[in-house]
Every structure is written in structure tokens, then in C-alpha cells.
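# Chains, contacts and geometry: an overview
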Amino acid sequence: MSKNMDFNTSDTHISHRLHLNESDSNNLLNLNHVFLNEFKKISIYPDPSNTDLKNKISYHCKVSPDMVVLGNGIDEIILLLSLTFLKNKKTILTSEATFPGYETSAKIVGGNVIYAPLNDMKCSIANYQKNITSDVILAYLCNPHNPTGSIVSLDEVIYFIEVMNDKRVIPIIDEAYIQFSDENKNSILKYIVNGGRAIVLRTFSKAYGLAGLRVGFAIGPKDLIHAVSLTALALPFRINRFAQRMASEVLTSDILSINVRTVRKLISTIELSFSKSEVTYIPSYTNFICFKPPMGNTDFLIKAEKFGVMVRDCGLFGLPGWIRASVSNKKDVDCLLFLLDLTSFEGKQSGDVNE
């Protein structure tokens, strides 16, 4: 089984989902009328140009619509990037121990992959620079980093872009989790809006809470976005009408601020508990935390399975001994601390952590 198949195995039997970095659906219940309205048009194809959503994204991000391309999640955009630019067995450069979609999409189209080692569980721009070859055409920087939750500064990201531009490599900045950090301080978006030659990836799956609808988008220079958009014409109805409408709604709602504020408090609670209990962890700028269970991975994962809890074993990323767990509400925090024996739940049975 490939790394990506391991990463995306079925989880329908799971009671507590701490492995896919999802947000709390309860915060979206007041938008259920959107589905009812769109259901009346379910026999009609969705807008293949995603006009309304693209215009709202361009207004929200202060860019022109021709700097935006949408996809069925960031995953599809990554595949479109590979299909567009990885001709003649070209190569991508990415960090080691990161989201496997970059590698999978590259290899599917016959491309190659070079990995830049992490430095102290963070992306190292110096290591990227050392690993550039003449065949590299795309360079992915996941910031904040998945699965460690670490972040590199805006100045470092700008330097990364300058290095790649100098080598005629297209820099791709994956900001799937940027809203959970200080977005105004850490995002590269303004730099790109002002002419920086890079592509930034964003998603509605994480901070906006629409993982089940699959909407992602890329913003970048018009010529690069146009090239990707031409490839995307092969699949004209990639984003269904429910997804288009819901994404448009959440952009103008307060759901983002609610989710981010909630998650930052939850992560702070976990980090404080970990520090007091001397649990090794990486300070997080995301909605998940990466840590080493004191009892060891094997015993921790056995206990998690017993109670119907799914977490991410970071051995899949090449980080043996580390676990990644996401939180979206207090029950998630209580569940995680219980599994680590940092708090107790009396009378709990298998699959019954949070009742």
C-alpha cells in the first residue's frame, strides 16, 4: 500500500476524529438553509466558471479574478499544477516529512521528487537552496507545516521565493493552515498581490470548516494561473453547487473568526498541559499539535483505538515516534488529555470517552 493510501484509509468506524484536522460542524448549523435552497436546483449543472465564488474570493483577497483558480480542494489544485508544469519528467522540490499529496501528484504524471531536510522540525530555506537542481520546476513550501505545526517567518518565505525565482523555479506556498497563525503577520498573500512571483494555496476545509464539500483555491501571477486554468478545463464541473454556495456564504460570515479564536484557546490549553507534564511537543500555529506520547507510540495508539479515537501516526510522514492530533472543541481536548493520562474520566468504556 502506498503512503497516500495509508494516509487516506477509511475511518467510518471512528467515534473521535482527531486525525484529519477538521473544524466543528456545529458552528455551521445556521447555514443549513443554503443546502435547502441549492437542492431545488440539483438537476441543473453548477457554474463551471465558479463566477460568484471567484469574484468573492478576489474581493476578499484584494486580487483580480484572473489571479484566482479554484479546485476540488487543494489536492486537485496540486494535481493540476503537476499536470500543467511537470512535463518531460521534471522534478518538484519539497520538504521531507510533509503532506504526501505533493509527491503523489508529481509521480502520477511521471515527475520526480527531491526532499529538503527539516531543521529542528521546521522547514529550512537553506536546505531547499542546497537541493535545487536543473530539473526542478516546482518548489512546495507548506507554511505552517503539516504535520509539525511549525512556521517559518514571512521574511524567510520571501527569501524562499526570491531564491526560486532566481533559479526559474515556480514557488508554491501552501497556506492551508495560515488562518490559525497570525495571518496578517505570516501570510505571503500581500506580497503576491503586490507582484511577488509565487502561487499561494488556500482551502475552505480547515479554518472555514467545509472539509466535506472540497473547495480550495490558488492565487498567483496571471500567466501561471491562466496556464493552470487551461488544464482545469478538462473537468468543467469540478466544484458542485453546494460547495460553491457554501464557500461564498462563509467568506462573508463570522465562522472564520469563531473557529480560529476557539482553536487557539484549545491549543493553548493543550500546550500548557503538555508543558506542565513534560510531554515533548512542537509549538503549534495550526489546529493540531505534534507530540511524543510518554508511553510510546505503540501503547498510545492501542489505547486510542480501544476508545474509538483516530489520531495521525507521523511515522507515515517519516517522523517515527511522533503523533499529530487536531482539536476543534473542548471534547477533543479532554479526549486527547485522557489518552495521555493527563486527566481522568471515571467509568469510561471502549468508544465512550466523551459521553
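Just above sits the structure.
Now for a quick tour of the structure.

Conventions we followed
- Residues numbered from 1 in each chain as written.
- Predicted model: local features only at pLDDT ≥ 70, side-chain atom pairs only at ≥ 80, totals over all residues.
- Heavy atoms only, no water.
- Helix = DSSP H or I, 4+ residues; strand = E, 2+ residues; numbered from the N terminus.
- Rg over C-alpha atoms; globule rule 2.2 N^0.38 Å.
- Buried < 20%, exposed > 50% of the residue type's maximum accessible area, 1.4 Å probe, protein only.
- Contact = heavy atoms within 4.5 Å.
- Areas by Shrake-Rupley, 256 points an atom, 1.4 Å probe, with all protein chains shown as cover.
- 1 Å grid on protein atoms, 1.4 Å probe; cavity = no way out; pocket = protein on both sides within 12 Å on 5 of 7 lines; lining within 4 Å.
- Points joined across faces, edges and corners; volume = space filled by probe spheres on them.
- Nonpolar A, V, L, I, M, F, W, Y, C, P; charged D, E, K, R; others polar.
- Polar contact = N/O pair within 3.5 Å; in protein donor to acceptor, adjacent residues only side chain to side chain.

## With respect to the overall build of the protein
Of regular secondary structure, the protein possesses 14 helices and 13 strands. Relative to a compact globule of 355 residues, whose C-alpha radius of gyration would be 20 Å, the protein shows 20 Å and is just as compact. Along the first, second and third principal axes, the C-alpha set of the protein runs to 60 × 55 × 40 Å. A burial count over the protein gives 54% of its 355 residues as buried. When contacts within the protein are restricted to residue pairs at least 6 apart in sequence, long-range pairs at least 24 apart make up 70% of them. For the protein, the exposed surface amounts to about 16000 Å²; the carbon and sulfur share of it is 52%.

## Observations concerning the environment of Phe307
Inspection of the secondary structure assignment puts Phe307 in the loop between helix H13 (297–306) and strand S11 (309–310). Once the C-alpha coordinates of Phe307 and Gly195 are considered, the two residues, 112 residues apart in sequence, prove to be 51 Å apart.

## Comments concerning the layout of surface pockets
Space inside the second largest pocket adds up to approximately 440 Å³. Together, 24 residues line the second largest pocket, and Glu22, Ser23, Ser25, Leu28 and Gly209 are the ones closest to its centre. Looking at the lining of the second largest pocket, the elements that each hand over two or more residues are strand S1 (16–17), helix H2 (32–39) and helix H14 (330–339). The residue inventory of the lining of the second largest pocket, partitioned by class, reads 9 nonpolar, 11 polar and 4 charged.

## A closer look at H14
In terms of residue burial, H14 counts as a mostly covered element, since 7 of its 10 residues are buried. Within the sequence span of H14, burial applies to Asp332, Val333, Cys335, Leu336, Leu337, Phe338 and Leu339. Contacts made by the buried residues of H14 are with S1, helix H12 (255–277), strand S10 (288–292), H13, S11 and strand S13 (323–326). Of the residues flanking the start of H14, the one acting as N-cap is Asn329, its side-chain oxygen 3.1 Å from the backbone nitrogen of Lys331. Looking at the residues trailing H14, positive phi occurs at Asp341, about 60°.

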